[in-house]
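# Breakdown of the fold
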Amino acid sequence: QAQLVESGGGLVQPGGSLRLSCAASELTLDYYALAWFRQAPGRAREGVSCLASVASREGTTYYADSVKGRFTISRDNAKNTVYLQMNSLKPEDTAVYSCAASDRYVGDDPRRYDYWGQGTQVTVSS
């Protein structure tokens, strides 16, 4: 069945950059709204960025205030992959990052997403 697999996490110093990738199987991502979430130990899962499907009438892109100007979400339909480019990373960005997909744009509520990746660890530390 449908599967999302993240990659690209790791250890980076403050101010550094990482690009996360989420590759899909059994899904054509251009028909899905996509999102990146993150969760630090003991904290609730937080919506980081959301992107409406290619077919969406809304053309909606969302970024949490904490990452605006630093993170960029994008999709490559030919590769069936969604990316999260993360620049100017801060220690508070440390978390497990997961990608998610929904058949419609549902914003940043994780309960509304149908498909999830396993997560990739991002650690920002000196």
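Bear in mind the structure is a predicted one, so any value in this text is a computation, not a measurement. (Residues numbered from 1 in each chain as written. Predicted model: local features only at pLDDT ≥ 70, side-chain atom pairs only at ≥ 80, totals over all residues. Heavy atoms only, no water.)

Strand order in the open sheet formed by four strands is 1-3-8-7, with antiparallel pairing between adjacent strands. Only two strands of the sheet have a single partner each, and these edge strands are strand 1 (3–7) and strand 7 (71–76). With direction set aside, neighbouring strand axes in the sheet form an average angle of 15°. The pairing of strand 1 with strand 3 (residues 18–25) spans five bridges and is classified as antiparallel. Paired with S7 across the strands is S21, a residue of strand 3. (Pairing = 2+ DSSP bridges. Helix = DSSP H or I, 4+ residues; strand = E, 2+ residues; numbered from the N terminus. Axes fitted to C-alpha atoms, helices over the stretch in contact; angles between N-to-C directions.)

All right, on to unusual backbone geometry then. Although it is not a glycine, N80 adopts a positive phi angle of roughly 55°. Here N80 shows up in the loop between strand 7 and strand 8 (81–86). N80 gets classed as buried once you look at its relative accessible area, which sits at 15%. The phi angle at S88 is positive, at roughly 50°, despite the residue not being glycine. Tracing the chain through its elements places S88 in the loop between strand 8 and strand 9 (95–102). (Buried < 20%, exposed > 50% of the residue type's maximum accessible area, 1.4 Å probe, protein only.)

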